[in-house]
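Tertiary structure, described
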Amino acid sequence: MAEPEPKVDNPKKRDLEKLRSDLAKEVEQLRKALKRPTEDIGGDKVWVGKNARAWHKELQGRHKKIGEQVDKLLPLIDAAIRNEPEEVTPAEARAYNNGS
């Protein structure tokens with residue numbers, strides 16, 4: 001009877017954890033991406049009038065949508081991490097590292 005192949009750390013899980021760590025550092029910047037321009041245009045400091053109000057409304061919508069999308073990123077990565085085993089066979093690790 002053949003012995004089971006030894007297991008190694010899962011490189012995909014490691015990469016997902018690094019991605020999550022890197023993204024967590026960027027989330028605040030992504031969430032705030034349009035905040036300043038939206039406030040500037042909406043505050044009548046930069047631009048006034050009908051077109052300014054229309055742009056302000058558009059930017060508010062985009063700012064909200066970016067925030068909603070950013071808020072979905074970390075939970076998606078967390079779910080992917082949870083679905084990965086801690087260890088895999090060396091062959092599975094090589095296949096992942098080779099892009100197969």
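Before reading on, note that the structure itself is shown above.
Residues numbered from 1 in each chain as written. Predicted model: local features only at pLDDT ≥ 70, side-chain atom pairs only at ≥ 80, totals over all residues. Heavy atoms only, no water.

1. Section: the pattern of salt bridges
For side chains bearing opposite charge, pairing can occur when the charged atoms are close. A complete count under the given rule lists five salt bridges for this structure. Of the charged contacts in the structure, one is a salt bridge between K18 and D22, with a shortest N-O distance of 2.8 Å. Within this pair, K18 and its partner D22 are both found in helix α1 (residues 11-31), separated by four residues, close to a single helical turn. Measuring nitrogen to oxygen at the nearest pair gives 2.4 Å for the salt bridge that ties R20 to D78. Here the residue R20 occupies a position in helix α1, and D78 occupies one in helix α3 (residues 50-82), the gap between them amounting to 58 residues. Taking the relative accessible area as the measure of exposure, R20 reaches 27% and is therefore partly exposed. (Salt bridge = Lys/Arg side-chain N within 4 Å of Asp/Glu carboxyl O. Helix = DSSP H or I, 4+ residues; strand = E, 2+ residues; numbered from the N terminus. Buried < 20%, exposed > 50% of the residue type's maximum accessible area, 1.4 Å probe, protein only.)

2. Observations regarding the nonpolar core
Among the nonpolar cores identified, the biggest contains seven residues, and these are L16, L23, V27, V70, L74, I77 and I81. Broken down by secondary-structure element, the contributors of at least two residues to this core are α1 and α3. Sorting elements by how many residues they give to this core places α3 first, with four residues. (Core = buried A, V, L, I, M, F, W, Y, C linked by side-chain atoms within 4.5 Å.)

3. Observations concerning the environment of K13
One can find K13 in helix α1. Between the C-alpha atom of K13 and that of I81, which follows or precedes it by 68 residues, the distance is 5.8 Å. Excluding anything up to four places from it in sequence, K13 contacts I81, E84, P85 and E86. Here E86 takes part through its side chain, which lies 2.7 Å from a polar atom of the side chain of K13. (Contact = heavy atoms within 4.5 Å. Polar contact = N/O pair within 3.5 Å; in protein donor to acceptor, adjacent residues only side chain to side chain.)

4. Side note on a nonpolar patch on the surface
On the surface, V46, W47 and W55 cluster together to form a nonpolar patch covering roughly 330 Å² of accessible area. Mapped onto the elements, V46 comes out in the loop between α2 (35-42) and α3. Residue V46 is classed as exposed on the basis of its relative accessible area of 57%. (Patch = residues over 30% accessible without salt bridge, like charges linked within 9 Å, V, L, I, M, F, W, Y side chains within 5 Å. Areas by Shrake-Rupley, 256 points an atom, 1.4 Å probe, with all protein chains shown as cover.)

5. Focus on the packing of α1 against α3
In the contact formed by α1 and α3, the axes pass within 10 Å of each other and the chain directions differ by 160°. Judged by the angle between their axes, α1 and α3 are roughly antiparallel. Considering the relative orientation of α1 and α3, their crossing is left-handed. Listed contacts from α3 to K13, L16, E17, L19, R20, L23, A24, V27, L30 and R31 of α1 are H63, I66, G67, V70, D71, L73, L74, I77, D78, A80 and I81. (Axes fitted to C-alpha atoms, helices over the stretch in contact; angles between N-to-C directions. Parallel < 35°, antiparallel > 145°, perpendicular 65-115°, else oblique. Left-handed = near helix turned anticlockwise from the far one by under 90°.)

These figures come from the coordinates and say nothing about function on their own.
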